[in-house]
Amino acid sequence: MKSIIQASAVIKTTFDSPRGIFLTLVLTSLLSCGFGLIENNAAGAIPYPDGTQLSQLQTNELPKAIANKILRDASKHSGLRKRELEITQVTSKTFGNPCEFNFGEVCTKEYNPIEGWEVVVRVRQDSWTYHVDKSGKQILLDPKVSTLQTLPKAIADAILNDASSRSGVDIADLKITQATSQTFANPCQFNFGEVCTQQYDPVEGWEVIVKVQEQSWTYHINKSDSQIILDPKVNAT
């Protein structure tokens, strides 16, 4: 009891002195800052049932392995190298059911959730949207994306090299203005035949138009770029 009375006397003496008042103000300021930091940290975090707290940015983070899978898929469909592609947006989502996950336009109201992400990839001037589940086992590209209209770089280079060789114009001065994926009914059609049989022997490939100075040259090229055929009507000389 005596020690408590002595301590109270010391505290009173300290507070009554100018130095004590100064120390009190400093202590109050420090406590206020501490409480502010605690409040800010709590406001910027998202609590989970297990007690874990993650920032909003962390909930949208895409595992590197899944990001690489998506970029490989985009590379396969576009013909571009992975380093030419860029993931521009990642949004964590709970898809209501497999229909929504599969980009269904008209889906039932059944609730069978799939946790995952909606990922946007920049492919040249286009933006491709992917849905991917948390495990990365299901990676789906929006079927509205016309991947076949993106001419693989190897094929584009082969056509431009051919056009440059025939015309004497530098590749830098040539431009592919249109590329359309096509299934030519048979080799005759692929070779620009005007009168062809009805035989069905399909050739998968592209019809590509190249601007060469004031002309437009039409090419047919197969998927493997082993056959590049220039429209014989073109005056390539």
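Visitor: Can you walk me through the sheet that holds strand β7 (residues 175–184) in this structure?
Guide: The strand order across the open sheet built from 4 strands is β7-β8-β9-β10, with neighbouring strands paired in antiparallel fashion. Strands with a single pairing partner mark the edges of an open sheet, and in this sheet they are β7 and β10 (228–230). This sheet shows a mean twist of 25 degrees between the axes of neighbouring strands, independent of strand direction. Note that strand β8 (residues 203–212) and strand β9 (residues 215–222) share 8 bridges and pair antiparallel. Bridged to V208 within β9 is Y219. Along the sheet, helix α6 (residues 153–167) makes contact with β7, β8, β9 and β10, crossing β9 at roughly 130 degrees.

Visitor: Even after reading the chapter, I still don't get a positive patch on the surface, so can you show me in this structure?
Guide: Together, K64, K69, R72, K82 and K137 line one region of the surface with positive charge. As for its position among the elements, K64 is in helix α4 (residues 64–78). Accessibility expressed as a relative area gives 68% for K64, which makes it exposed.

Visitor: Help me understand the pairing of β9, please; the structure alone is not making it clear to me.
Guide: Regular strands have side chains that alternate between both faces of the sheet. The element β9 is extensively covered by neighbouring structure, given that 6 of its 8 residues are classed as buried. Between β8 and β9, which pair antiparallel one after the other, the connecting turn spans 2 residues, and Q213 there sits at a positive phi close to 55 degrees. Of the strand pairs in this sheet, β9 and β10 are connected by 3 bridges, and their pairing is antiparallel. Residue I221 lies in a different strand from β10, and its bridge partner there is I228. Following β9, the chain reverses through 5 residues before pairing antiparallel with β10; D225 in that reversal takes a positive phi of roughly 55 degrees.

Visitor: It is not clear to me how the packing of aromatic side chains should be interpreted in this structure. Could you clarify?
Guide: To describe a pair of aromatic rings, one takes the distance between the centres and the angle between the planes. All told, the structure shown has 2 aromatic pairs when counted by the stated rule. Pairing F95 with F101 gives two aromatic rings, centres 5.2 Å apart and planes at 80 degrees, and the pair type is edge-to-face. Accessibility classification places F95 together with F101 in one group, the buried group. If you follow K134 out to its NZ or CZ, it ends over the ring of W117, 4.2 Å from the centre.

Visitor: It is not clear to me how the state of the cysteines should be interpreted in this structure. Could you clarify?
Guide: Covalent bonding between the sulfur atoms of two cysteines defines a disulfide. This structure, assessed with the given rule, holds 2 disulfides. Through a disulfide, C188 is tied to C196; the S-S separation comes to 1.9 Å. Disulfide C188 to C196: torsion about the S-S bond roughly -75 degrees, handedness left-handed. Numbered by order of appearance in the sequence, the disulfide-linked cysteines of the chain pair as 1-2, 3-4.

Visitor: Sorry if this is basic, but what is going on with the side chain of D231 here?
Guide: Within the fold, D231 resides in the segment after β10. Although D231 is buried, it forms no salt bridge, and the closest oppositely charged side chain is K233 at an N-O distance of 5.5 Å. When residues no more than four places from it in sequence are discounted, the contact partners of D231 are F192 and T218.

Visitor: Could you clarify how one ought to interpret the sheet that holds strand β5 (residues 126–133) in this entry?
Guide: The strands making up a sheet are joined through hydrogen bonds of the backbone, oriented either antiparallel or parallel. Here 4 strands make up an open sheet; going across it, the order is β3-β4-β5-β6 and the pairing antiparallel. Two strands bound the open sheet, and with one partner strand each, they are β3 (86–95) and β6 (139–141). Geometrically, the sheet is characterised by an average inter-axis angle of 25 degrees between neighbouring strands, direction not taken into account. Pairing analysis gives 8 bridges linking strand β4 (residues 114–123) to β5, with the strands arranged antiparallel. Directly across from R122, in β5, lies its bridge partner S127. With respect to the sheet, α4 is in contact with β3, β4, β5 and β6, its orientation differing from that of β5 by roughly 135 degrees.

Visitor: Would you explain unusual backbone geometry in this entry?
Guide: Negative phi characterises most residues that are not glycine, and trans characterises most peptide bonds. A positive phi angle, close to 65 degrees, is found at F192, a residue other than glycine. For F192, the location among the structural elements is in the loop between α7 (187–190) and β8. Under the relative-accessibility criterion, F192 is labelled buried at 16%. Phi at D225 is positive, roughly 55 degrees, even though this residue is not glycine. For D225, a relative accessible area of 29% translates into the label partly exposed.

What counts and how
- Residues numbered from 1 in each chain as written.
- Predicted model: local features only at pLDDT ≥ 70, side-chain atom pairs only at ≥ 80, totals over all residues.
- Heavy atoms only, no water.
- Pairing = 2+ DSSP bridges.
- Helix = DSSP H or I, 4+ residues; strand = E, 2+ residues; numbered from the N terminus.
- Axes fitted to C-alpha atoms, helices over the stretch in contact; angles between N-to-C directions.
- Contact = heavy atoms within 4.5 Å.
- Patch = residues over 30% accessible without salt bridge, like charges linked within 9 Å, V, L, I, M, F, W, Y side chains within 5 Å.
- Areas by Shrake-Rupley, 256 points an atom, 1.4 Å probe, with all protein chains shown as cover.
- Salt bridge = Lys/Arg side-chain N within 4 Å of Asp/Glu carboxyl O.
- Lys, Arg positive; Asp, Glu negative; His and termini not counted.
- Charge placed at Lys NZ, Arg CZ, Asp CG, Glu CD.
- Buried < 20%, exposed > 50% of the residue type's maximum accessible area, 1.4 Å probe, protein only.
- Phe/Tyr/Trp six-rings, centres within 6.5 Å; stacked < 30°, edge-to-face > 60°.
- Lys NZ or Arg CZ within 6 Å of the ring centre and 35° of its normal.
- Disulfide = S-S within 2.5 Å.

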